[in-house]
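# Results of the structural survey
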Amino acid sequence: MAPRENPPFRADHVGSLLRPTRLLEARQRRATGEIEAGELRAIEDDAIRDVVRMQREVGLRSATDGEFRRTSWHMDFIYRLGGVHPTDEKIQVHFRNAGGELDFESAALAIDGPVRLNETIFGDDFSFLASTVEPGITPKLTIPSPSMVHYRGGMAAIDPAVYPDHEQFWADLSAAYAEQVRRVAALGCRYLQLDDTSLAYLNDPAQRRLLTERGDDADHQHLRYIKQINAAIADRPAGLNVTTHMCRGNFRSSWAAEGGYDFVAEALFSELAVDGFFLEFDDDRSGGFAPLRFVPPGKMVVLGLVTTKRGELESKDTLKRRIDEASKYVPLEQICLSPQCGFSSTVEGNVLTYDEEVAKLRLIVETAEEVWG
(Lines give C-alpha, C1' and ligand atoms only; values in the text may rest on other atoms or scores of the structure.)
Protein backbone atom coordinates (compact mmCIF):
# COMPACT_ATOMS: atom_id res chain seq x y z
CA MET A 1 0.00 0.00 0.00
CA ALA A 2 1.40 3.41 -0.95
CA PRO A 3 2.68 5.51 1.98
CA ARG A 4 0.59 8.47 3.05
CA GLU A 5 1.97 11.84 2.04
CA ASN A 6 -0.49 13.89 4.11
CA PRO A 7 -1.41 13.69 7.80
CA PRO A 8 -2.52 11.74 9.64
CA PHE A 9 0.27 9.25 8.99
CA ARG A 10 0.12 5.46 9.25
CA ALA A 11 2.16 5.71 12.47
CA ASP A 12 1.25 8.80 14.44
CA HIS A 13 0.76 10.01 17.99
CA VAL A 14 -1.64 12.29 19.82
CA GLY A 15 0.65 15.06 21.01
CA SER A 16 1.70 15.31 24.64
CA LEU A 17 4.84 13.58 25.86
CA LEU A 18 6.37 12.99 29.29
CA ARG A 19 8.14 16.08 30.62
CA PRO A 20 11.80 15.49 31.49
CA THR A 21 12.82 15.99 35.11
CA ARG A 22 14.99 19.01 34.32
CA LEU A 23 11.98 20.75 32.77
CA LEU A 24 9.71 19.98 35.72
CA GLU A 25 12.36 21.32 38.09
CA ALA A 26 12.74 24.48 36.02
CA ARG A 27 8.98 25.08 36.04
CA GLN A 28 9.00 24.78 39.83
CA ARG A 29 11.94 27.20 40.12
CA ARG A 30 10.10 29.66 37.90
CA ALA A 31 6.97 29.34 40.06
CA THR A 32 8.99 30.27 43.15
CA GLY A 33 10.76 33.12 41.40
CA GLU A 34 14.22 31.55 41.39
CA ILE A 35 14.59 31.93 37.62
CA GLU A 36 13.24 34.39 35.07
CA ALA A 37 10.80 33.58 32.28
CA GLY A 38 13.56 33.76 29.66
CA GLU A 39 15.64 31.13 31.43
CA LEU A 40 12.65 28.79 31.67
CA ARG A 41 11.95 29.24 27.97
CA ALA A 42 15.55 28.39 27.10
CA ILE A 43 15.26 25.18 29.11
CA GLU A 44 11.97 24.41 27.35
CA ASP A 45 13.66 25.02 23.98
CA ASP A 46 16.39 22.49 24.76
CA ALA A 47 13.88 19.90 25.98
CA ILE A 48 11.78 20.36 22.83
CA ARG A 49 14.82 19.92 20.57
CA ASP A 50 15.53 16.64 22.36
CA VAL A 51 11.97 15.33 22.12
CA VAL A 52 11.70 16.26 18.43
CA ARG A 53 14.91 14.30 17.84
CA MET A 54 13.42 11.32 19.69
CA GLN A 55 10.29 11.36 17.53
CA ARG A 56 12.41 11.35 14.39
CA GLU A 57 14.67 8.55 15.65
CA VAL A 58 11.74 6.21 16.40
CA GLY A 59 10.52 6.73 12.83
CA LEU A 60 7.53 9.06 13.20
CA ARG A 61 6.75 11.39 10.28
CA SER A 62 5.10 14.03 12.45
CA ALA A 63 6.46 15.81 15.51
CA THR A 64 4.96 17.85 18.32
CA ASP A 65 6.69 19.87 21.02
CA GLY A 66 5.27 17.41 23.54
CA GLU A 67 3.13 20.28 24.88
CA PHE A 68 6.16 21.01 27.07
CA ARG A 69 5.26 24.67 27.54
CA ARG A 70 1.79 23.89 28.92
CA THR A 71 0.40 22.93 32.28
CA SER A 72 -2.64 21.26 30.74
CA TRP A 73 -3.65 20.28 27.24
CA HIS A 74 -6.58 22.70 27.07
CA MET A 75 -6.80 25.40 29.72
CA ASP A 76 -3.53 27.09 28.72
CA PHE A 77 -5.20 27.81 25.37
CA ILE A 78 -8.72 28.59 26.57
CA TYR A 79 -7.64 31.20 29.12
CA ARG A 80 -5.85 33.12 26.37
CA LEU A 81 -9.06 33.68 24.42
CA GLY A 82 -10.45 37.16 24.84
CA GLY A 83 -13.54 37.20 27.03
CA VAL A 84 -12.60 34.03 28.95
CA HIS A 85 -11.11 34.17 32.45
CA PRO A 86 -10.46 31.81 35.37
CA THR A 87 -12.53 32.30 38.49
CA ASP A 88 -12.03 31.62 42.19
CA GLU A 89 -14.43 28.71 41.91
CA LYS A 90 -13.06 25.23 41.32
CA ILE A 91 -14.07 22.50 38.89
CA GLN A 92 -13.58 18.95 40.11
CA VAL A 93 -13.34 16.15 37.59
CA HIS A 94 -13.64 12.66 39.03
CA PHE A 95 -11.16 10.17 37.54
CA ARG A 96 -10.77 6.42 37.87
CA ASN A 97 -7.96 3.97 37.22
CA ALA A 98 -7.22 0.30 37.76
CA GLY A 99 -6.12 0.98 41.33
CA GLY A 100 -8.83 3.33 42.54
CA GLU A 101 -10.10 6.87 42.17
CA LEU A 102 -8.74 10.43 42.27
CA ASP A 103 -9.95 13.95 41.54
CA PHE A 104 -8.49 16.63 39.30
CA GLU A 105 -9.19 20.20 40.36
CA SER A 106 -8.78 23.33 38.26
CA ALA A 107 -10.11 26.86 38.23
CA ALA A 108 -13.54 27.31 36.74
CA LEU A 109 -13.94 29.63 33.80
CA ALA A 110 -16.19 32.60 33.19
CA ILE A 111 -17.14 34.04 29.83
CA ASP A 112 -17.46 37.66 30.93
CA GLY A 113 -16.76 39.45 27.67
CA PRO A 114 -17.19 38.92 23.93
CA VAL A 115 -15.18 35.85 22.86
CA ARG A 116 -12.43 36.90 20.48
CA LEU A 117 -8.87 36.13 19.43
CA ASN A 118 -6.46 38.72 20.80
CA GLU A 119 -3.30 36.91 19.71
CA THR A 120 -2.19 33.89 17.73
CA ILE A 121 -2.29 31.42 20.60
CA PHE A 122 0.78 29.13 20.64
CA GLY A 123 2.00 30.94 17.51
CA ASP A 124 5.54 31.43 18.81
CA ASP A 125 5.52 27.88 20.13
CA PHE A 126 4.61 26.47 16.74
CA SER A 127 7.21 28.57 14.95
CA PHE A 128 9.90 27.26 17.27
CA LEU A 129 8.74 23.68 16.75
CA ALA A 130 8.79 24.16 12.98
CA SER A 131 12.38 25.44 13.21
CA THR A 132 13.52 22.22 14.92
CA VAL A 133 12.14 19.59 12.55
CA GLU A 134 14.17 18.14 9.69
CA PRO A 135 12.93 17.82 6.09
CA GLY A 136 10.29 15.10 5.74
CA ILE A 137 8.92 15.63 9.26
CA THR A 138 5.62 17.51 9.62
CA PRO A 139 5.26 19.69 12.73
CA LYS A 140 1.85 19.22 14.36
CA LEU A 141 0.04 21.78 16.51
CA THR A 142 -2.53 20.56 19.02
CA ILE A 143 -5.20 22.83 20.51
CA PRO A 144 -8.47 22.16 22.35
CA SER A 145 -11.57 22.17 20.16
CA PRO A 146 -14.20 24.92 20.48
CA SER A 147 -16.39 22.43 22.33
CA MET A 148 -14.09 22.53 25.34
CA VAL A 149 -14.74 26.23 25.94
CA HIS A 150 -18.39 25.35 26.54
CA TYR A 151 -18.16 21.86 28.06
CA ARG A 152 -16.27 22.88 31.19
CA GLY A 153 -18.93 25.27 32.46
CA GLY A 154 -21.89 25.10 30.12
CA MET A 155 -24.24 28.02 29.62
CA ALA A 156 -24.04 28.80 33.35
CA ALA A 157 -20.49 30.10 32.78
CA ILE A 158 -21.69 32.71 30.28
CA ASP A 159 -22.56 36.17 31.56
CA PRO A 160 -26.12 36.83 30.30
CA ALA A 161 -25.35 40.55 30.15
CA VAL A 162 -22.64 39.78 27.57
CA TYR A 163 -24.57 37.13 25.68
CA PRO A 164 -28.34 37.47 26.15
CA ASP A 165 -28.51 35.59 22.84
CA HIS A 166 -26.59 32.33 23.09
CA GLU A 167 -26.40 32.06 19.31
CA GLN A 168 -24.10 35.07 19.32
CA PHE A 169 -21.80 33.29 21.77
CA TRP A 170 -21.52 30.31 19.44
CA ALA A 171 -20.94 32.56 16.44
CA ASP A 172 -18.18 34.51 18.23
CA LEU A 173 -16.54 31.31 19.49
CA SER A 174 -16.34 29.75 16.03
CA ALA A 175 -15.16 33.05 14.54
CA ALA A 176 -12.32 33.27 17.07
CA TYR A 177 -11.28 29.73 16.24
CA ALA A 178 -11.53 30.36 12.50
CA GLU A 179 -9.13 33.28 12.91
CA GLN A 180 -6.76 31.11 14.95
CA VAL A 181 -6.85 28.48 12.18
CA ARG A 182 -6.11 31.11 9.54
CA ARG A 183 -3.21 32.57 11.53
CA VAL A 184 -1.46 29.29 12.31
CA ALA A 185 -1.80 28.27 8.66
CA ALA A 186 -0.10 31.55 7.73
CA LEU A 187 2.77 30.51 10.02
CA GLY A 188 3.18 27.36 7.94
CA CYS A 189 1.10 24.91 9.95
CA ARG A 190 -0.08 22.02 7.77
CA TYR A 191 -1.18 19.68 10.56
CA LEU A 192 -3.64 20.93 13.19
CA GLN A 193 -5.32 18.71 15.75
CA LEU A 194 -8.42 19.70 17.72
CA ASP A 195 -8.45 17.79 21.00
CA ASP A 196 -11.92 17.09 22.31
CA THR A 197 -12.97 15.04 25.31
CA SER A 198 -16.60 16.20 25.14
CA LEU A 199 -17.53 14.18 22.06
CA ALA A 200 -16.29 11.04 23.79
CA TYR A 201 -17.67 11.92 27.24
CA LEU A 202 -21.17 12.34 25.77
CA ASN A 203 -21.27 8.60 25.04
CA ASP A 204 -21.32 7.97 28.79
CA PRO A 205 -24.85 8.11 30.30
CA ALA A 206 -23.38 9.37 33.57
CA GLN A 207 -21.79 12.34 31.79
CA ARG A 208 -25.02 13.14 29.95
CA ARG A 209 -26.84 13.09 33.26
CA LEU A 210 -24.38 15.64 34.70
CA LEU A 211 -24.99 17.96 31.75
CA THR A 212 -28.74 17.62 32.09
CA GLU A 213 -28.53 18.49 35.79
CA ARG A 214 -26.69 21.73 35.02
CA GLY A 215 -29.29 22.71 32.42
CA ASP A 216 -27.73 21.67 29.10
CA ASP A 217 -29.40 19.62 26.36
CA ALA A 218 -27.23 16.55 26.78
CA ASP A 219 -29.04 14.47 24.17
CA HIS A 220 -28.27 16.97 21.41
CA GLN A 221 -25.09 18.63 22.68
CA HIS A 222 -22.87 16.71 20.26
CA LEU A 223 -24.82 18.11 17.32
CA ARG A 224 -24.11 21.66 18.47
CA TYR A 225 -20.43 20.88 18.96
CA ILE A 226 -20.14 19.34 15.48
CA LYS A 227 -21.81 22.41 13.99
CA GLN A 228 -19.44 24.83 15.72
CA ILE A 229 -16.28 22.88 14.90
CA ASN A 230 -17.35 22.79 11.27
CA ALA A 231 -17.89 26.55 11.31
CA ALA A 232 -14.42 27.04 12.79
CA ILE A 233 -12.63 25.05 10.08
CA ALA A 234 -14.92 25.68 7.09
CA ASP A 235 -12.60 28.21 5.47
CA ARG A 236 -9.30 26.59 6.39
CA PRO A 237 -6.59 27.19 3.80
CA ALA A 238 -5.82 24.52 1.23
CA GLY A 239 -3.07 22.24 2.43
CA LEU A 240 -4.00 22.44 6.11
CA ASN A 241 -4.94 18.97 7.37
CA VAL A 242 -7.21 19.00 10.43
CA THR A 243 -7.84 16.04 12.70
CA THR A 244 -9.65 15.64 15.99
CA HIS A 245 -8.71 13.50 18.96
CA MET A 246 -11.39 12.18 21.28
CA CYS A 247 -10.70 10.49 24.59
CA ARG A 248 -12.46 9.85 27.86
CA GLY A 249 -10.05 11.71 30.10
CA ASN A 250 -6.33 11.34 30.72
CA PHE A 251 -4.84 12.42 34.05
CA ARG A 252 -2.06 10.48 35.77
CA SER A 253 -3.07 7.26 33.97
CA SER A 254 -6.73 7.71 34.91
CA TRP A 255 -9.96 8.32 32.96
CA ALA A 256 -13.25 10.12 33.61
CA ALA A 257 -15.76 8.51 31.24
CA GLU A 258 -16.58 5.15 29.71
CA GLY A 259 -18.58 3.78 26.81
CA GLY A 260 -18.24 3.20 23.08
CA TYR A 261 -18.76 5.83 20.39
CA ASP A 262 -22.26 4.59 19.56
CA PHE A 263 -24.26 7.57 20.89
CA VAL A 264 -22.43 10.17 18.74
CA ALA A 265 -21.10 7.98 15.93
CA GLU A 266 -23.53 8.56 13.08
CA ALA A 267 -23.51 12.35 13.30
CA LEU A 268 -19.85 12.55 14.31
CA PHE A 269 -18.35 10.48 11.53
CA SER A 270 -20.71 11.52 8.78
CA GLU A 271 -20.91 15.26 9.55
CA LEU A 272 -17.71 16.44 11.26
CA ALA A 273 -15.63 17.99 8.48
CA VAL A 274 -12.17 16.95 9.65
CA ASP A 275 -9.66 14.90 7.68
CA GLY A 276 -9.14 12.28 10.35
CA PHE A 277 -10.32 10.97 13.72
CA PHE A 278 -7.92 9.92 16.49
CA LEU A 279 -9.97 7.42 18.48
CA GLU A 280 -9.27 5.71 21.77
CA PHE A 281 -9.58 1.91 21.59
CA ASP A 282 -7.09 0.61 24.13
CA ASP A 283 -9.46 -1.42 26.31
CA ASP A 284 -13.07 -2.49 26.87
CA ARG A 285 -14.19 0.88 28.25
CA SER A 286 -13.82 2.33 24.71
CA GLY A 287 -16.32 -0.09 23.18
CA GLY A 288 -16.08 -1.98 19.90
CA PHE A 289 -15.32 -0.99 16.32
CA ALA A 290 -18.90 -1.21 14.97
CA PRO A 291 -19.44 2.60 15.12
CA LEU A 292 -16.73 2.94 12.47
CA ARG A 293 -19.26 1.78 9.88
CA PHE A 294 -20.41 5.42 9.70
CA VAL A 295 -16.99 6.72 8.59
CA PRO A 296 -17.36 7.95 4.98
CA PRO A 297 -14.84 7.28 2.19
CA GLY A 298 -11.82 9.53 2.29
CA LYS A 299 -11.79 10.11 6.06
CA MET A 300 -8.95 8.60 8.06
CA VAL A 301 -9.37 6.70 11.32
CA VAL A 302 -6.37 6.62 13.64
CA LEU A 303 -6.84 3.64 15.93
CA GLY A 304 -5.54 4.35 19.43
CA LEU A 305 -4.73 0.75 20.24
CA VAL A 306 -1.56 1.34 22.27
CA THR A 307 -2.32 2.58 25.77
CA THR A 308 -0.44 5.47 27.36
CA LYS A 309 -1.85 4.66 30.78
CA ARG A 310 0.64 1.92 31.66
CA GLY A 311 4.09 0.90 30.59
CA GLU A 312 3.44 -2.74 29.63
CA LEU A 313 4.14 -3.12 25.91
CA GLU A 314 1.42 -4.49 23.64
CA SER A 315 2.22 -7.34 21.25
CA LYS A 316 2.40 -6.74 17.52
CA ASP A 317 0.19 -9.74 16.90
CA THR A 318 -2.55 -8.31 19.11
CA LEU A 319 -2.32 -4.92 17.39
CA LYS A 320 -2.51 -6.52 13.94
CA ARG A 321 -5.49 -8.63 14.96
CA ARG A 322 -7.35 -5.57 16.20
CA ILE A 323 -6.52 -3.60 13.05
CA ASP A 324 -7.97 -6.51 11.09
CA GLU A 325 -11.12 -6.41 13.23
CA ALA A 326 -11.54 -2.67 12.62
CA SER A 327 -11.09 -3.17 8.87
CA LYS A 328 -14.38 -5.07 8.80
CA TYR A 329 -16.10 -1.70 9.36
CA VAL A 330 -13.78 0.78 7.62
CA PRO A 331 -11.34 -0.08 4.79
CA LEU A 332 -7.73 -0.80 5.74
CA GLU A 333 -6.48 2.04 3.53
CA GLN A 334 -8.42 4.50 5.74
CA ILE A 335 -6.79 3.26 8.97
CA CYS A 336 -3.71 4.49 10.84
CA LEU A 337 -2.23 3.55 14.23
CA SER A 338 -1.39 5.62 17.32
CA PRO A 339 -1.45 5.63 21.12
CA GLN A 340 -4.94 6.05 22.57
CA CYS A 341 -4.09 9.40 24.12
CA GLY A 342 -1.19 11.64 25.01
CA PHE A 343 1.44 10.52 27.48
CA SER A 344 1.16 13.70 29.56
CA SER A 345 -2.10 15.58 29.08
CA THR A 346 -1.22 17.52 32.21
CA VAL A 347 2.22 18.46 33.46
CA GLU A 348 2.22 15.53 35.92
CA GLY A 349 2.26 12.88 33.18
CA ASN A 350 1.07 9.30 33.15
CA VAL A 351 2.53 6.48 35.22
CA LEU A 352 5.18 5.08 32.90
CA THR A 353 8.82 5.80 32.17
CA TYR A 354 10.45 7.67 29.32
CA ASP A 355 11.92 4.41 27.98
CA GLU A 356 8.46 2.81 28.04
CA GLU A 357 7.06 5.80 26.15
CA VAL A 358 9.76 5.49 23.49
CA ALA A 359 9.19 1.74 23.21
CA LYS A 360 5.49 2.28 22.59
CA LEU A 361 6.11 4.85 19.88
CA ARG A 362 8.65 2.56 18.21
CA LEU A 363 6.16 -0.32 18.41
CA ILE A 364 3.58 1.80 16.59
CA VAL A 365 6.03 2.65 13.81
CA GLU A 366 7.17 -0.95 13.36
CA THR A 367 3.65 -2.34 13.39
CA ALA A 368 2.47 0.24 10.85
CA GLU A 369 5.36 -0.62 8.55
CA GLU A 370 4.47 -4.31 8.71
CA VAL A 371 0.76 -3.69 8.09
CA TRP A 372 0.88 -0.98 5.42
CA GLY A 373 4.46 -1.18 4.12
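Heads up: the structure comes first, above all this text.
This write-up is about the structure you can find in this document. (Residues numbered from 1 in each chain as written. Predicted model: local features only at pLDDT ≥ 70, side-chain atom pairs only at ≥ 80, totals over all residues. Heavy atoms only, no water.)

### Details of the side chain of R152
Note on placement: R152 falls in the loop between α5 (147-151) and α6 (166-186). Of the side chains bearing the opposite charge, D196 lies closest to the buried R152, which forms no salt bridge; the N-O distance is 9.7 Å. Separated by 3.0 Å, the side chains of R152 and H74 make a polar contact. (Helix = DSSP H or I, 4+ residues; strand = E, 2+ residues; numbered from the N terminus. Buried < 20%, exposed > 50% of the residue type's maximum accessible area, 1.4 Å probe, protein only. Lys, Arg positive; Asp, Glu negative; His and termini not counted. Salt bridge = Lys/Arg side-chain N within 4 Å of Asp/Glu carboxyl O. Polar contact = N/O pair within 3.5 Å; in protein donor to acceptor, adjacent residues only side chain to side chain.)

### As for the nonpolar core
One finds L81, I111, L192, L268, L279, L292 and L303 to be the most contacted residues of the largest nonpolar core, which totals 100 residues. Not counting residues within four places of it along the chain, the set of residues in contact with I111 comprises G83, V84, V149, A157, I158, D159, Y163 and F169. Judged by nonpolar contacts, the second largest core, of 7 residues, contains F9, V14, F278 and V302. (Core = buried A, V, L, I, M, F, W, Y, C linked by side-chain atoms within 4.5 Å. Contact = heavy atoms within 4.5 Å.)

### Focus: the environment of Q228
Tracing the backbone shows Q228 in helix α9 (residues 221-233). Judged by its relative accessible area of 6%, Q228 is buried. A sequence separation of 174 residues divides Q228 from M54, and the C-alpha atoms of the two residues are 36 Å apart.

### Observations concerning the pairing of strand β10 (residues 335-339)
Summarising burial for β10: 5 of the 5 residues are buried, a large majority. The handedness of the strand β9 (residues 300-306) to β10 crossover, carried by helix α11 (residues 316-326), is right-handed. (Right-handed = clockwise from strand over helix to strand, strands pointing away.)

### Quick look at helix α1 (residues 21-31)
Regarding α1, the residues found buried are L23, A26 and R27. When α1 is viewed along its axis, its buried side chains cluster within an angular range of 100° and face the same direction. Positive phi shows up at G33, right after α1, with a value of about 85°. (Arc of directions from axis to C-beta.)

### As for the packing of aromatic side chains
Summed over all chains, the structure comprises 11 aromatic pairs. Every member of this aromatic cluster is reached through a ring pair, and the members are Y151, Y163, F169, W170, Y201 and Y225. (Phe/Tyr/Trp six-rings, centres within 6.5 Å; stacked < 30°, edge-to-face > 60°.)

### Side note on the sheet that holds β9
What the 6 strands build is an open sheet, ordered β5-β6-β7-β8-β9-β10; its pairing is parallel. Here the strands that pair on one side only, and so sit at the sheet edges, are β5 (141-144) and β10. Neighbour-to-neighbour, the strand axes of this sheet turn through a mean angle of 25°, independent of strand direction. (Pairing = 2+ DSSP bridges. Axes fitted to C-alpha atoms, helices over the stretch in contact; angles between N-to-C directions.)

### Let's talk about the packing of α9 against helix α10 (residues 262-271)
At a minimum axis separation of 10 Å, α9 and α10 run at an interaxial angle of 15°. Between α9 and α10, the crossing angle belongs to the class labelled roughly parallel. α10 is crossed by α9, and the crossing has right-handed handedness. Where α9 approaches α10, its residues H222, L223, I226 and N230 are matched on the opposing element by F263, V264, A267, L268 and E271. Tallied by class, residues from the contact of α9 with α10 come to 6 nonpolar, 2 polar and 1 charged. (Parallel < 35°, antiparallel > 145°, perpendicular 65-115°, else oblique. Left-handed = near helix turned anticlockwise from the far one by under 90°. Nonpolar A, V, L, I, M, F, W, Y, C, P; charged D, E, K, R; others polar.)

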